[in-house]
Amino acid sequence: MALASMTLVQLGLAASIGLMDQLGAAGVAWLRLSWAGVLLLVLVRPRPSAFTRSSLLACIALGVVTAGITMLFMASVERLPLGTASALEFLGPLGVAIARGRGTARVWALVAAAGVLLLTEPWHGTADPVGVAFALGAACCWAAYILLTQRVGDELSGLQGLAISMPVAALVATAVTGPAIVTTLTPEVVLVGLGLALLLPVVPFAMELSALRRLTSAAFGTLMCLEPAIALTVGLVLLGQVPGWAPVVGIGLVIAAGIGAERTGARATT
């Protein structure tokens, strides 16, 4: 499920890039989140009785973080190649894996740091610093997303948690983009947005919620190490983004750090 989710995420991101010229990064993120919020709210129809105060607050926090991931990452891929942005964003789950790992897991932070240097090539000054900042912001949100998604998955059954968090994410995105984005919409764009919302985030996030019920947060964060490689492949094949040798080696180091940090697999049953 996690591998299928990562593939759908990257395909959804690649498909979204074509709309950026018309809606901008924030507008595309808003359109996807809005459709996702409507779909989950209508299909799941969350029951108020299913929520405690704690679980409801966790869902709201997850919604805010989800909006942060989506909007910050879309802003980063507007300025950086998809593979580079994904590798920088992956520092979030890698940080979770290192923090939750045992033994010598933390030494892999140095390997990841070397990978980041090769990805951004600061000695050339070619990487957009604003794009890098957006990707690192998305990384922080992704780390929080992993922890909150696991908590929501433990406290609530089915997709009840997502049916609250996704509308919250849509409201946050609406507050950021403002009502002006509505004037740029056409019926065709709205329909495309529906398809993009299914591709990302509805189906992948549902898969991730299910996967996090079976894995520790450290193991899940480490498994996501494959996502930068998937992003690099999608960027090359679908977007024609040909990376230099340094970013390729940097992505390899980030992936190696993720694999090296892995210590555990299936969650212990309680």
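The sections below set out a description of the structure shown in this document. (Residues numbered from 1 in each chain as written. Predicted model: local features only at pLDDT ≥ 70, side-chain atom pairs only at ≥ 80, totals over all residues. Heavy atoms only, no water.)

Re the overall build of the chain
Each helix and strand counted, the chain has 12 helices and 0 strands in total. Ordered by position in the sequence, the α and β elements of the chain form the string α-α-α-α-α-α-α-α-α-α-α-α. Taken against the 2.2 N^0.38 rule, which gives 18 Å for 270 residues, the C-alpha radius of gyration of the chain at 18 Å falls within 12% of a compact globule. By principal-axis analysis of the C-alpha atoms, the chain measures approximately 50 × 50 × 25 Å. Evaluated residue by residue, the chain yields a buried proportion of 52% over its 270 residues. Nonlocal contacts in the chain, meaning residues at least 24 apart in sequence, comprise 89% of its contacts between residues at least 6 apart. In the form shown here, the chain has an accessible surface area of approximately 11400 Å², with 71% of it arising from carbon and sulfur atoms. (Helix = DSSP H or I, 4+ residues; strand = E, 2+ residues; numbered from the N terminus. Rg over C-alpha atoms; globule rule 2.2 N^0.38 Å. Buried < 20%, exposed > 50% of the residue type's maximum accessible area, 1.4 Å probe, protein only. Contact = heavy atoms within 4.5 Å. Areas by Shrake-Rupley, 256 points an atom, 1.4 Å probe, with all protein chains shown as cover.)

A closer look at the side chain of Ser-86
In this structure, Ser-86 sits in helix α4 (residues 82-89). Using a relative accessible area of 1% as the deciding quantity, one classes Ser-86 as buried. Beyond its immediate chain neighbours, meaning those up to four positions away, Ser-86 contacts Gln-10, Phe-73, Pro-228 and Ala-231.

Quick look at helix α1 (residues 2-17)
Its 16 residues give α1 an end-to-end C-alpha distance of 23 Å, which sits within 8% of 22 Å, the value for a rise of 1.5 Å per residue. Three or more residues of α1 are buried, namely Ala-2, Ser-5, Met-6, Val-9, Gln-10, Gly-12, Leu-13, Ala-14 and Ser-16. (Expected span 1.5 Å × (residues − 1).)

Here's the deal with the nonpolar core
Core analysis: the largest hydrophobic core is formed by 75 residues, its most contacted members being Met-74 and Tyr-145. If we skip the residues at most four places from it in the chain, Met-74 touches Leu-13, Ser-16, Met-20, Ala-25, Val-28, Ala-29 and Arg-32. (Core = buried A, V, L, I, M, F, W, Y, C linked by side-chain atoms within 4.5 Å.)

Side note on the packing of α4 against helix α5 (residues 91-100)
Taken N-terminus to C-terminus, the directions of α4 and α5 make an angle of 30°; their axes are 5 Å apart at the nearest point. In terms of axis orientation, α4 runs roughly parallel to α5. Residues Ala-87, Leu-88 and Glu-89 of α4 lie in contact with α5, whose contacting residues are Leu-91, Gly-92 and Pro-93. Residues of the contact of α4 with α5, tallied by class, amount to 4 nonpolar, 1 polar and 1 charged. (Axes fitted to C-alpha atoms, helices over the stretch in contact; angles between N-to-C directions. Parallel < 35°, antiparallel > 145°, perpendicular 65-115°, else oblique. Nonpolar A, V, L, I, M, F, W, Y, C, P; charged D, E, K, R; others polar.)

Describing the packing of aromatic side chains
A full pass over the atoms with the stated rule returns 1 aromatic pair. Relative to Phe-205, the ring of Tyr-145 has its centre 5.1 Å away and its plane inclined at 45°; by these criteria the two rings are tilted. Note that Tyr-145 is positioned in helix α7 (residues 129-155) and Phe-205 in helix α9 (residues 187-212), a separation of 60 residues in sequence. Summarising the burial analysis for this pair, Tyr-145 and Phe-205 share the class buried. (Phe/Tyr/Trp six-rings, centres within 6.5 Å; stacked < 30°, edge-to-face > 60°.)

Concerning the pattern of salt bridges
The final tally for this structure, using the stated rule, is 2 salt bridges. Among the salt bridges present, the one from Glu-78 reaches Arg-79, with a minimum N-O distance of 3.6 Å. When its relative accessible area of 35% is taken as the criterion, Arg-79 is described as partly exposed. For Arg-151, the salt bridge identified is with Glu-155, shortest N-O distance 3.2 Å. In this pair, Arg-151 and Glu-155 both sit in helix α7, 4 residues apart, roughly one turn of the helix. When its relative accessible area of 37% is taken as the criterion, Arg-151 is described as partly exposed. Taking relative accessible area as the criterion, Glu-155 reaches 38% and is therefore assigned partly exposed. (Salt bridge = Lys/Arg side-chain N within 4 Å of Asp/Glu carboxyl O.)

In short, the description is geometric, and any link to function would need to be established separately.
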